[in-house]
Amino acid sequence: MSSYQSLPITLRLALNTFVFVVLGSSYVLAQSGGEVQSETVVIEKEKKLELPPANREFEKIPDPQPQVAPTNSKYQTQEIGIVLPQFDTKVKVPTTKTDEPVEIHNNYIKAGFGNYVTPYLEGFVHTGKQKNYSLGARFKHLSSANGPYKGVKNSVNEIDLQGKYWFDKQWVKASFGAGRERYTWYGVSNHDNISGSDWSNDSRKILFTKVNADVSTGSMGDGKLGYNAGVKFGYQSGNHNNKEANIDGSLNLSYQKEKDVVLGADLFVNSSNYSDSVSSLSRLMVGLTPKYTMTKDQLVATFGLNYTYSSDTLTGSKGSHLYPIVDLTYTIVPNKWVAEGGFKGGMEKNTWSSFTAQNPYLANRNNLANTNNKINLYARIKGNLGNNINIKVGGAYLLYRNLSYMTNSASDSSKFALLYSNDNTSVFNLNGEISYDAHPFRTGLKMDYYGYSTSNDTLIKKPWHRPSFVGTFFATYTIYKKIVLKTDIYYISGLTGYNLQTLKETKLNDIIDVNLKAEYRFSDEFSAFIEANNLLSQKYQRYMNYQSRGINLLFGVTYRF
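Please read these numbers as outputs of a predicted model, since none were measured by experiment. (Residues numbered from 1 in each chain as written. Predicted model: local features only at pLDDT ≥ 70, side-chain atom pairs only at ≥ 80, totals over all residues. Heavy atoms only, no water.)

S.K.: Describe the side chain of Asn107, listing the residues and the values that go with them.
M.R.: As for its position among the elements, Asn107 is in the loop between helix H1 (9-30) and strand E1 (108-114). At a separation of 2.8 Å, a polar atom in the side chain of Asn107 contacts the main-chain amide nitrogen of His126. (Helix = DSSP H or I, 4+ residues; strand = E, 2+ residues; numbered from the N terminus. Polar contact = N/O pair within 3.5 Å; in protein donor to acceptor, adjacent residues only side chain to side chain.)

S.K.: Could you give an account of the nonpolar core, with specific residues and numbers?
M.R.: In this structure, Tyr186, Trp199, Phe355, Tyr361, Met406, Phe416 and Leu418 are the most contacted members of the largest nonpolar core, which totals 24 residues. Only strand E6 (205-219), helix H3 (352-358) and strand E17 (416-420) provide two or more residues apiece to this core. Residue contributions to this core peak at three residues, all from E17. Core analysis: the second largest hydrophobic core is formed by 15 residues, Tyr405, Leu419, Val427 and Trp464 among them. (Core = buried A, V, L, I, M, F, W, Y, C linked by side-chain atoms within 4.5 Å. Buried < 20%, exposed > 50% of the residue type's maximum accessible area, 1.4 Å probe, protein only.)

S.K.: Residues and numbers for the pairing of strand E22 (residues 496-499), please.
M.R.: Residue alternation in E22 divides its side chains into two sets, Thr496 and Tyr498 and Gly497 and Asn499, and both sets are buried. Between E22 and strand E23 (residues 504-507), which follow one another and run antiparallel, lie four residues, and Leu503 among them has a positive phi close to 60°. (Pairing = 2+ DSSP bridges.)

S.K.: So what about the packing of aromatic side chains? Which residues, and what values?
M.R.: The full count for this structure, using the stated rule, is 19 aromatic pairs. Aromatic pair Tyr183 and Tyr361: ring centres 6.4 Å apart, planes at 80°, arrangement edge-to-face. With Tyr183 in strand E5 (residues 170-184) and Tyr361 in the loop between H3 and strand E14 (371-385), this pair connects stretches of sequence that are 178 residues apart. On the basis of relative accessible area, Tyr183 is assigned to the buried category, the value being 0%. Here Tyr274 and Trp352 contribute two aromatic rings whose centre-to-centre distance is 5.7 Å and whose plane-to-plane angle is 55°, an arrangement assigned as tilted. Taken together, the residues span a long stretch of sequence, with Tyr274 in strand E9 (residues 261-275) and Trp352 in helix H3 at a distance of 78 residues. Of the two residues, Tyr274 and Trp352, both sit in the buried class. Chaining the aromatic ring pairs together yields one cluster made of Tyr149, Tyr183, Tyr186, Trp199, Phe208, Tyr274, Trp352, Tyr361, Phe416, Tyr543 and Tyr546. Over the ring of Trp171 we find Lys164, and its NZ or CZ is 4.8 Å from the ring centre. Here the guanidinium or amino end of Arg549 rests over the ring plane of Tyr116, the centre of that ring lying 5.1 Å away. (Phe/Tyr/Trp six-rings, centres within 6.5 Å; stacked < 30°, edge-to-face > 60°. Lys NZ or Arg CZ within 6 Å of the ring centre and 35° of its normal.)

In structure tokens, the structure reads:
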């Protein structure tokens, strides 16, 4: 019997209703017409623990030019630096602002070249915000012929298409993307005895082909009933008989019952199908979350229940789960200080695609299971000191079942295996951010501390490859609207690796990564840049046996049109 047929009839009815609503919404949009309306941006606040990404410093490239936002005609530069552990992907390192160009450019081409034989090319074209639509496309190529060892190759090729159309009270958006990534299993002890051509052997080569598509729609305006609905499709295949398809559907409803009362409900569906050379696995996860939100003076309170069904086989993740939701926001000083706190839980989706995005050096065979976040208790206070200093301090307590870890594989220590804790794992997090923004100078600091209490599992004695401290510092300075200087520094400590082949643990050295960039603008259209990464030339290991490169240099030019 299929996973769908084994669901309770109420869940099957919910799935059918979801598909009907998404398709019906698209039909309604086709019958409407009108002008562009404003939109609402929702920011998720809760702390979420995620497996740290692998170190891929060949992807250290200059920040791309700002991309056109359909509801805003101005640009904001997005900073791209080394990919480091980000347990809470909803909270990013503050973006670096630069002077606004005198003339707004919707299109750009960037090209560069660096050591390790690293060519870089990226382009973006966009119609800008038209009366009721916008269209855009982006492409990117970044590769290196050499890594820490000669012949260790890496590459990323991407193309993305996007479009959005506004009706009178609804919008519809669609996107399509395709890509190809290449990596090398180079984490071996006898690397000096391996020639450059041997690194390109099919047994050491990692290739990922990716395709994704997204269609979504939603309401706008001040009506009592609001909704957002969407369907996402993702496909990834590898050159070692691995492949996976994911379909995600979501529906978010809100109803303004009274002036200070909002009723809401969120529904999501995920279907995942994975196969490798010896096995295949079909998985289904469904969730329904009714919510009640009330506003009373300075207090906004949300209460709800999160029901999730998972077809996984691991105890603690499989079957039905119910989590209470409490979210409180209190305004201490209007437009100055806000306190937030809450309690929730939920099932966190894990897929082969999400794991390889964090660490591409996984072994060919993988056991996949979702993580049960049984408790997520969080609190924070945020505000500003004057007009230029913003600060945020908070903490969280999280309790997990089947939390995932990565260790060097028992069959081949240059590859990584997935382990899941079969007992409860508690995590305590303290975090803080402070930023200063006063043109032409901007700087910021973000710090996260993580304390783990691991389970009684014989293999998971420590949180393998999960750091205990992550710190990020950045600064930027603009001189006469012509020269832009930037720096960022990353510090990570508390990493411990474990080798299932030797049954030995290894404490990895702390990571200190210092990066500098300078850009000179000849005109509104032309600029040149130079970027220097890992200035200390520290050959650190984010994952055991995988040391980074030394100093990276990249030179290039940008043309905006």
